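Observations on the model geometry
Read off the chains here:
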Amino acid sequence: MLAVAIAPVAGWLNDRTGRRKLVLGAGAVAIAAGILVIAFAGTVPVFLLGVCLVSGVGTGLLYGSYIGFAVATMNDPATAARDLGVTNIAITLPFSIMPFAAPLLLGIGGAAPNYPVLLVVSAVLTLLGFVPMLAIRSTR
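Everything numeric here is computed off the predicted structure, so don't read it as measured data.

Let us look at the layout of surface pockets. The space that makes up the largest pocket amounts to roughly 1200 Å³. Ala 90, Ile 91, Pro 94, Thr 126 and Gly 129 are the residues nearest the centre of the largest pocket, which is lined by 33 residues in total. Among the elements that line the lining of the largest pocket, the one with the most residues is helix α4 (residues 80–106), at 10 residues.

So, about the environment of Thr 17. Tracing the chain through its elements places Thr 17 in helix α1 (residues 2–17). Judged by relative accessible area, Thr 17 falls into the partly exposed class, the value being 35%. Taking the C-alpha atoms as reference points, Thr 17 and Ala 41, separated by 24 residues in sequence, lie 35 Å from one another. Of note is the side chain of Thr 17, whose polar atom sits 2.6 Å from the backbone oxygen of Leu 13. A polar atom in the side chain of Thr 17 sits 3.2 Å from the backbone nitrogen of Arg 19.

Turning to the nonpolar core, a few remarks are in order. In a soluble, globular protein the nonpolar side chains are often hidden away together inside. Core analysis: the biggest nonpolar cluster contains 8 residues, these being Ile 31, Ala 32, Ile 35, Ile 38, Ala 39, Val 54, Leu 119 and Ala 123. When residues of this core are traced back to their parent elements, those giving at least two are α2 (20–39) and α5 (115–134). The leading source of residues in this core is α2, at 5 residues. Apart from residues lying up to four places away in sequence, Ala 32 is in contact with Ala 123, Thr 126 and Leu 127. Of all hydrophobic cores here, the second largest spans 5 residues; its members include Leu 24, Tyr 66, Phe 69 and Phe 130.

Let's shift gears to the confidence of the model for the protein chain. The share of residues in the protein chain with pLDDT of 70 or more is 98%, and the mean pLDDT across the chain is 88. Confidence, expressed as mean pLDDT per element, reaches its minimum in the protein chain at α4 with 88 and its maximum at α2 with 92.

To continue, consider α1. Between its first and last C-alpha atoms α1 spans 22 Å; for 16 residues at 1.5 Å apiece the expected length is 22 Å, and the two agree. All of the buried residues along α1 are Ala 3, Ile 6, Ala 7, Ala 10, Gly 11 and Asn 14. On an axial view of α1, the arc spanned by its buried residues comes to 145°, and they lie on one face. Along α1, exposed side chains directed more than 90 degrees from the buried face belong to Pro 8, Trp 12, Asp 15 and Arg 16. On the buried face of α1, the contacting elements are α2 and α3 (44–73). Gly 18 occupies a position one or two residues after α1 and carries a positive phi of about 75°.

Rules of the game
- Residues numbered from 1 in each chain as written.
- Predicted model: local features only at pLDDT ≥ 70, side-chain atom pairs only at ≥ 80, totals over all residues.
- Heavy atoms only, no water.
- 1 Å grid on protein atoms, 1.4 Å probe; cavity = no way out; pocket = protein on both sides within 12 Å on 5 of 7 lines; lining within 4 Å.
- Points joined across faces, edges and corners; volume = space filled by probe spheres on them.
- Helix = DSSP H or I, 4+ residues; strand = E, 2+ residues; numbered from the N terminus.
- Buried < 20%, exposed > 50% of the residue type's maximum accessible area, 1.4 Å probe, protein only.
- Polar contact = N/O pair within 3.5 Å; in protein donor to acceptor, adjacent residues only side chain to side chain.
- Core = buried A, V, L, I, M, F, W, Y, C linked by side-chain atoms within 4.5 Å.
- Contact = heavy atoms within 4.5 Å.
- pLDDT = per-residue confidence, 0-100.
- Expected span 1.5 Å × (residues − 1).
- Arc of directions from axis to C-beta.

Have a look at this one:
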């Protein structure tokens, strides 16, 4: 529910300020922080705080800004559909790969599932996923 409220604000910030990488970076940091909070939560309220950061704040910032970022970096209207398709693959590919990698990560360390390892790897990959965007110079 929080993501639904934040996404339009993120889109407005993107359009108003033109600082698309900043909004996307804030979303990546919020998601990674939320995942780390979930990984090491000792109580239900702390766990719920992490969930709010991930599915609320971070996801809202991401969904409200990633299409604007993609469109701002396109330079050829003739390839816009293809470029948006590549953007869609970039957003959905991790959701397709992680179910295959998760059992390997959960198996690290013994008989009990190792959820902290799975979640820490997810947080690191979230931040690493933002790094290539830093090389894009055609938007702020």
